[in-house]
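Structural features, examined
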Amino acid sequence: MKAVISASRDNLLGLDKSDLRELAALCEEPQFRGAQLFRNIYARRQRDFAECTELPARFRHLLSSRYRVDYPAIKARIASRDGAVRYLLSLHDGENVETVFMPDEGRLTLCVSSQVGCAVNCHFCFTALLGVKRNLEAGEILGQVMAVTAAQRIPPATPFNVVFMGMGEPLLNLAPVMKAVRILADRDGMAIPLRRITISTAGIVPKIREMARETVRPKLAISLNASTEEQRTALMPLNRKYPLSELLQACREFPLGSRERLTFEYVLLDGINDTDSDAQRVAALLGGIRSKVNLIPYNAGPDLPYRPSPLRRVLAFQKILQDHHIPAFIRISRGQDIMAACGQLRLAGMESETAPVDVAPSVSPG
Ligand code: SAH
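Computed from a predicted structure; not experimentally measured.

1. Looking at the nonpolar core
Ranked by size, the top nonpolar core spans 106 residues in total, and within it Leu12, Leu37, Phe124 and Phe264 carry the most contacts. The biggest single contributor to this core is helix 6 (residues 174-185), with eight residues. Taken domain by domain, this core gets at least three of its residues from each of domain 1 (17-66) and domain 2 (73-338). Membership of the second largest hydrophobic core comes to seven residues, among which are Met102, Cys111, Val163 and Ala221.

Rendered as C-alpha cells:
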C-alpha cells in the first residue's frame, strides 16, 4: 500500500477501495471512510479534499496535507471537424500519451492508451515506431478518463464507452489495465457498465486466456488484420510467437455473455490484405466464433508505405463477410482521421484540417 502511494507521488488516483480503506486505517479513521473517499474521487470526481464534506474535518485536513488527486495535464488538444477531439496528455515524468474523445450521434467514446509507446511491432502502426517507453499505472489510465471528461465537461452519470485502442498493448500491461477497469466499472466508482468497456489486443494469447478467467471482465476486441498465417506474420511479427491458429483457439474458448460477441478489427491495406479471397478466408477463420468484424480503412502517414483500400474494396470485403452471416461494420463514418487516431499518432491530414493548439512536434509522439 505504501509502495503504491509513493510510486504515484502521493497521488491517490488509481487506488481502489481496499487501498483507500487501508489509507483510512493509516490515518486512524474507520475503514468506511476509505469507501467514502473512493466515491468522492471516482463517482463525484472531487479533486479537492476540502470539498469532500461527508468526511470529518480532521480527515480532510490530513488528506490535504499529505495527498493529492492529480489528473494528467492537457498539453495539446486538436478538434476535428466532425466533433472528435484528440488530446495529448503529459504524465508526472514528462512522458506523453494520447487520448481521443469521439462523440457519435449521442454515443460518447473515449479511446485511452495503456502504455507509453508500444512493444508490439505491427508494421503498419505509427505507435510501433516509438518502441515502448513504459507501462502506464492504473491511475494514469483513469487519469486520461478523468482529464478528458473534465475537459469535455461530461457530467458524472453520463454514459460513455471506454476503448483501450490508444497507444500500447493493453494485454502487456494487464494488471494495471484490469485495476483501472474494475474502478471504471465499480458502481461506487465511475459506474461504467462492463459492456461499455473494450480491451483491444494484437493477440497476446496467454493473456487472453488470463483475461478469460477474470470475474470482472470487459469486452474483448482482437486485431486480426490478415487472413493467413504468412500474411499476418508479415504485418504483425508477433504472429510468429502467437500464431493465428492458437489465437483463434483462445478466442473460441473465451467465455461470452448471452448476447456478447467478440470483435475482430481488420485494418484494410490497399493491395495487401483486402482481396475477395482474403474476405472469404476471414469468414472461414471466424466460423464457429460468435463474432463481429470492424473494417478499418487504413490511416496513412508519411513514414510508412501502406495505403488505405479504396471504398469499393472495403464495401466488397464487407459484403462477403455479411454473405457469410458475419456482422461487418465499416469504421469510416466518424471520419477516418479520428477513428484510427487511436492507433496512429502521426496525423498530418487531421492537423491541417483543424486549428491545432500548440502541438510541440518534439514531444508529440507523432
Ligand atoms: N495494441 C492494441 C490496441 C491499440 S491499436 C491492438 O493492437 O489492438 C488499435 C487498433 O488500431 C488496432 O486494431 C490496430 O490494428 C489499428 N491500427 C493501428 N494503426 C492503424 C492505422 N494507421 N490506421 C488504422 N488502424 C490502425
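Don't stop here, the text continues.
2. Considerations on the site of the ligand
The environment of the ligand is made up of 21 residues, and the closest members are Gly168, Ser200, Ser223, Asn225 and Asn299. Ser200 is positioned with one of its side-chain polar atoms (N or O) 2.6 Å from an oxygen atom of the ligand. Expressed as a share of its isolated accessible area of 540 Å², the protein-covered part of the ligand is 95%. Of all elements in the fold, only strand 8 (197-201) and strand 10 (262-268) reach the threshold of two or more residues within the shell around the ligand. Of the residues contributing to the shell around the ligand, the split by class is ten nonpolar, nine polar and two charged.

3. Details of the environment of Pro56
Tracing the sequence through the fold places Pro56 in the loop between helix 3 (32-42) and helix 4 (57-66). Considering only alpha carbons, one finds Pro56 and Arg33, 23 residues apart in sequence, at a separation of 9.0 Å. Contacts of Pro56, omitting those with residues within four sequence positions, involve Glu29 and Arg33.

Conventions adopted
Residues numbered from 1 in each chain as written. Predicted model: local features only at pLDDT ≥ 70, side-chain atom pairs only at ≥ 80, totals over all residues. Heavy atoms only, no water. Core = buried A, V, L, I, M, F, W, Y, C linked by side-chain atoms within 4.5 Å. Buried < 20%, exposed > 50% of the residue type's maximum accessible area, 1.4 Å probe, protein only. Helix = DSSP H or I, 4+ residues; strand = E, 2+ residues; numbered from the N terminus. Domains from an automatic or database assignment. Near = heavy atom within 4 Å. Polar contact = N/O pair within 3.5 Å; in protein donor to acceptor, adjacent residues only side chain to side chain. Areas by Shrake-Rupley, 256 points an atom, 1.4 Å probe, with all protein chains shown as cover. Nonpolar A, V, L, I, M, F, W, Y, C, P; charged D, E, K, R; others polar. Contact = heavy atoms within 4.5 Å.

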